[in-house]
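The lines below spell out each chain.
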Amino acid sequence: MRVRIGSLLPEITEPTQLQLPNGGTLTLEPMQRRGHRLTLDDFDPCVVLLNNDLSAGVPDILQDLEQSVLPPLIAGWTTRSKSHHFAAYDRVADEFAALLNIDPWLINPYFATCGKVDFQNRTGEECLAAQVDTILQKNTH
């Protein structure tokens, strides 16, 4: 398998070697869009593996690609609810903790949701404060 590392960083305009602590090097290359494919110079990968949570949105360069993108773009934070993610993780952590016979809190912190908060308009902060109080009370029992 041939693996190369592409970068969306604007300062990566040519192959750039990074020194690693073990003395090795890692080469970052600028990604290029050719039609509906991402390439790196002469390299046309069959799969694009993302190391980006897409919390800032899906960059145009990643839209409508022919290649498989893993994880899929719909798994980015811009298209999924964090509360759904943490609820699903909560279920998995509970089942895993039961298998190991451990307290789930060791692998899963408490969380709560409050859909009424708008940080831009400074509304719903009392809901947030109430949820924080509820979580802090859980920790004292």
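Residue positions are counted from 1 within each chain, in the order its sequence is given. Residues qualify for local features only when their pLDDT is at least 70, as the model is predicted, and side-chain atom pairs are given and counted only at 80 or more; totals for whole chains, interfaces and linings, by contrast, use all residues. To get the side-chain values, take all heavy atoms of the structure and skip hydrogens and water.

1. Topic: the overall build of the protein
The number of helices and strands found in the protein is two helices and seven strands. Over its C-alpha trace the protein gives a radius of gyration of 21 Å, far above what one expects of a compact globule, namely 14 Å for 141 residues. If one aligns the C-alpha atoms of the protein with their principal axes, the spans along those axes are about 60 × 40 × 30 Å. Throughout, exposure labels follow a simple rule: accessible area from a 1.4 Å probe, protein chains only, divided by the maximum for the residue type, with under 20% read as buried, over 50% as exposed, and the rest as partly exposed. The buried share among the 141 residues of the protein stands at 18%. Should any heavy atoms of two residues lie within 4.5 Å, those residues are counted as being in contact. If you take every contact in the protein between residues at least 6 apart in sequence, the share linking residues at least 24 apart comes to 29%. For accessible areas, the Shrake-Rupley method is used with a probe of radius 1.4 Å. Any residue's cover is judged against the shown protein chains and nothing else. Element-wise, carbon and sulfur atoms account for 56% of the exposed surface of the protein, whose accessible area totals about 10,600 Å². Residues counted as positive are Lys and Arg, residues counted as negative are Asp and Glu, and His and the chain ends are not counted. To locate a charge, take atom NZ for lysine, CZ for arginine, CG for aspartate or CD for glutamate. Of the side chains in the protein, 11 bear a positive and 18 a negative charge, and the two mean positions are spaced by 3 Å. Helical segments are the DSSP runs of H or I of at least four residues, strand segments are the runs of E of at least two, and each set is numbered from the N terminus. As defined in this context, the radius of gyration uses C-alpha atoms, and a globule is described by 2.2 Å times the residue total to the power 0.38.

2. Thoughts on the packing of aromatic side chains
The criterion for an aromatic pair is that two Phe, Tyr or Trp rings (for Trp, the six-membered ring) have centres within 6.5 Å, with stacked assigned to planes under 30 degrees apart, edge-to-face to planes over 60 apart and tilted to the rest. Taken as a whole, this structure holds two aromatic pairs when the rule is applied. Summarising the aromatic geometry, the rings of Trp105 and Tyr110 are spaced 6.2 Å apart at their centres and angled 50° between planes, so their arrangement reads as tilted. Accessibility expressed as a relative area gives 41% for Trp105, which makes it partly exposed. Judged by relative accessible area, Tyr110 falls into the partly exposed class, the value being 34%.

3. Here we look at the sheet that holds strand β2 (residues 16–19)
At least two bridges found by DSSP between two strands is the condition for calling them paired. Pairing in this open sheet of three strands is mixed, and the strands run β1-β3-β2 from one edge to the other. Two strands lie at the open edges of the sheet, namely β1 (5–7) and β2, each paired on one side alone. For this sheet, the mean inter-axis angle between neighbouring strands, taken without regard to orientation, is 40°. Bridge analysis of β1 against strand β3 (residues 25–30) gives three bridges, and the strand direction is parallel. Considered in β3, the bridge of Gly6 is made with Glu29. Here, axes are lines fitted to C-alpha atoms. For helices the fit covers the stretch in contact, and angles between N-to-C directions go from 0 to 180 degrees.

4. Some thoughts on the pairing of β3
Both β2 and β3 contribute to a ladder of four bridges, which runs antiparallel. Looking at β3, one finds that Thr16 is bridged to Leu28. The turn linking β2 back onto β3 is made up of five residues, and Gly23 within it adopts a positive phi angle of 95°.

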